[in-house]
Amino acid sequence: GKPYLIIRFLIATYRKKQNKMTNTSLYDFFVEWRQRSNPWRESYNEGGGVFERSFLFSTVVFILLNEFGKSIGRRYGKPFSSRPGFIAGTLHCASTSAITIYLLLFQSGTLEDGNMKAGDFKVWQEVGLPLSIGYFVVDIFWYCFPKGDILMLVHHIIMCFCHYPVGHDAGAILAGAGDKHWVIWLSIVGYTSEVATVLMNYRWYLLQTLKEDWIGFALVNISIVISWAARVVLFSYLLIFEIGPRASDYMEAKQLLSYTFVVVGHFVIGVLSLYWLGLMCRGGIRGLIVFKKPKPTHDGSFTFGNDIGHEEDKNELSTKPMKDEAGGATKNAVSRRSPRATIAEESQAWVAGTLYDETIQTKKEVALNN
């Protein structure tokens, strides 16, 4: 009857009004964020060039280190010929690890008169962070683009984009929803995960140079497992107890984009850390503590499964016979693999220490072109 029609009319009118208000508020929100509360822009405009100068210096240093690695590789051969960026990569992870550990131990804050006084994180903003971003930018052009490593490229871009606002207080205040000390602390704590990369690089070096079983190899492997397990715990803790409870603060500060990057970034790194941990542990205790010289594959590379002595490589480039145009003779051609299989192969190759081998990459490119 009429009452029912009136109710439907009122509901429809209310919904139209709400939709209009929502569309207007979303547009106004975007305009205000772009003009007044963009942490990336504020960090650049108010930084005074301190971050940028340190970034440029670090970029030049890492360019020189990459070229030095190539020179050493050409002159002395392996292991540096297979991974010219090893020196630059190791310096990056070692220096950022050392800076973050120092800041957390000695500069994280002090208790005065019952109140917590914020620590001084200028070293991170003006040295550690620009150094790291400088490395990522160089690695994009010296490794990611030449090798076509899309996953690493995405990782580097996300790291640069997410951490850049922390480089100056003006950007950090917005990126931290008003709490600059907390968001800088969050950046520092996240970078402590580079300790695991230091150990992984040392493991790679041992894989290239070790000739027989050595107790140090077992200790390194066990340390790597512990460090990756710690990463999983760390990022889970940060998401649940540090980032999650601050959702309302970010909403009030209209920094939902910043909050989204914080959540997604920590979640993805935590999941990847769990995946690496599974790779390291699937050989069991014996695979971790006993060194077994890896068996070379058909292209001269090593696989993660053989490195810890428990299985053959399952991700080598597979071949299958194909008829030529004449319809008679056959030749080996690289079969197509799914993106998931490609990711799995590159992940295992990174753990095995063969991902960066230029000789192997060249052979694979030749196989693909044939």
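Basis of the calculations
- Residues numbered from 1 in each chain as written.
- Predicted model: local features only at pLDDT ≥ 70, side-chain atom pairs only at ≥ 80, totals over all residues.
- Heavy atoms only, no water.
- Helix = DSSP H or I, 4+ residues; strand = E, 2+ residues; numbered from the N terminus.
- Buried < 20%, exposed > 50% of the residue type's maximum accessible area, 1.4 Å probe, protein only.
- Contact = heavy atoms within 4.5 Å.
- Areas by Shrake-Rupley, 256 points an atom, 1.4 Å probe, with all protein chains shown as cover.
- Patch = residues over 30% accessible without salt bridge, like charges linked within 9 Å, V, L, I, M, F, W, Y side chains within 5 Å.
- Salt bridge = Lys/Arg side-chain N within 4 Å of Asp/Glu carboxyl O.
- Axes fitted to C-alpha atoms, helices over the stretch in contact; angles between N-to-C directions.
- Parallel < 35°, antiparallel > 145°, perpendicular 65-115°, else oblique.
- Left-handed = near helix turned anticlockwise from the far one by under 90°.
- Phe/Tyr/Trp six-rings, centres within 6.5 Å; stacked < 30°, edge-to-face > 60°.
- Lys NZ or Arg CZ within 6 Å of the ring centre and 35° of its normal.
- Polar contact = N/O pair within 3.5 Å; in protein donor to acceptor, adjacent residues only side chain to side chain.

**A look at the overall build of the chain**
Within the chain, the regular secondary structure consists of 16 helices and four strands. Taken across its 370 residues, the chain has 42% of its residues classed as buried. Long-range pairs, those at least 24 residues apart, make up 67% of the contacts in the chain with a sequence separation of at least 6. Put simply, the chain shows about 20700 Å² of open surface, and 64% of that area lies on carbon and sulfur atoms.

**Comments concerning a nonpolar patch on the surface**
A surface patch of nonpolar side chains, amounting to about 490 Å² of accessible area, comprises Ile101, Tyr102, Leu105, Phe106 and Val195. Per element, the largest residue contribution to the nonpolar patch is four residues, and it comes from helix 4 (residues 86–106). For phenylalanine 106, the position within the fold is in helix 4.

**Some details on the pattern of salt bridges**
Tallying each qualifying case throughout the model produces five salt bridges. For lysine 70, the salt bridge goes to glutamate 67, with nearest N and O atoms at 3.9 Å. Placement of the pair is lysine 70 and glutamate 67 together in helix 3 (residues 50–76), with a separation of three residues, close to one helical turn. Lysine 70 gets classed as partly exposed once you look at its relative accessible area, which sits at 28%. We classify glutamate 67 as partly exposed; its relative accessible area is 34%. Aspartate 169 is paired through a salt bridge with lysine 122; the nearest N and O atoms lie 3.5 Å apart. Of the two residues, aspartate 169 sits in helix 7 (residues 169–175) while lysine 122 sits in helix 5 (residues 122–147), which places them 47 residues apart along the sequence.

**Observations regarding the packing of helix 3 against helix 5**
Packing of helix 3 against helix 5 brings their axes to within 7 Å, and their N-to-C directions diverge by 45°. Classified by the angle their axes make, helix 3 and helix 5 are oblique. The two elements helix 3 and helix 5 meet at a crossing, and its hand is right-handed. Here Val50, Phe51, Ser54, Phe55, Ser58, Thr59, Phe62, Ile63, Asn66, Glu67 and Lys70 of helix 3 come into contact with helix 5, specifically with Gln125, Glu126, Val127, Leu129, Pro130, Leu131, Ile133, Gly134, Tyr135, Val137, Val138 and Trp142.

**With respect to the packing of aromatic side chains**
In total, this model carries 14 aromatic pairs according to the counting rule given. A centroid spacing of 6.1 Å and a plane angle of 70° characterise the contact between tryptophan 40 and phenylalanine 261, whose relative ring orientation is edge-to-face. In this pair, tryptophan 40 is assigned in helix 2 (residues 39–46) and phenylalanine 261 in helix 12 (residues 256–281), connecting sequence segments 221 residues apart. According to the relative accessible area criterion, tryptophan 40 is buried, its value standing at 12%. Members of the aromatic cluster, each reached through a chain of ring pairs, are Phe80, Phe86, Trp204 and Tyr205. It is arginine 83 that lies over the ring of tryptophan 204; its NZ or CZ is 5.2 Å from the centre.

**Points about the environment of glycine 85**
The residue glycine 85 is located in the loop between helix 3 and helix 4 in this model. C-alpha of glycine 85 to C-alpha of glutamate 67: the two residues are 18 residues apart in sequence and 8.3 Å apart in space.

**Re the side chain of threonine 100**
Along the chain, the position of threonine 100 falls in helix 4. For threonine 100, the side chain forms a polar contact with the main-chain oxygen of threonine 96, separated by 3.0 Å. Setting aside its immediate chain neighbours within four residues, threonine 100 contacts Trp124, Ile188, Tyr191 and Thr192.

**Overview of the environment of serine 82**
Tracing the chain through its elements places serine 82 in the loop between helix 3 and helix 4. Overall, serine 82 belongs to the buried group, its relative accessible area being 3%. The sequence separation of serine 82 and lysine 70 amounts to twelve residues, and the corresponding C-alpha distance is 9.2 Å. Polar contacts involving the side chain of serine 82 include one to the main-chain carbonyl oxygen of proline 79, which spans 2.7 Å.

**Focus on unusual backbone geometry**
Proline 79 follows lysine 78 through a cis peptide bond whose omega is 5°. Within the fold, proline 79 resides in the loop between helix 3 and helix 4. If you check the backbone angles, alanine 177 has positive phi at about 55° while not being a glycine. Looking at where alanine 177 falls in the secondary structure, it is placed in the loop between helix 7 and helix 8 (180–191). Within the chain, lysine 254 stands out as a residue other than glycine whose phi angle is a positive 60°. Its place among the elements puts lysine 254 in the loop between helix 11 (247–252) and helix 12. Of the residues examined, lysine 254 reaches a relative accessible area of 33% and is grouped as partly exposed.

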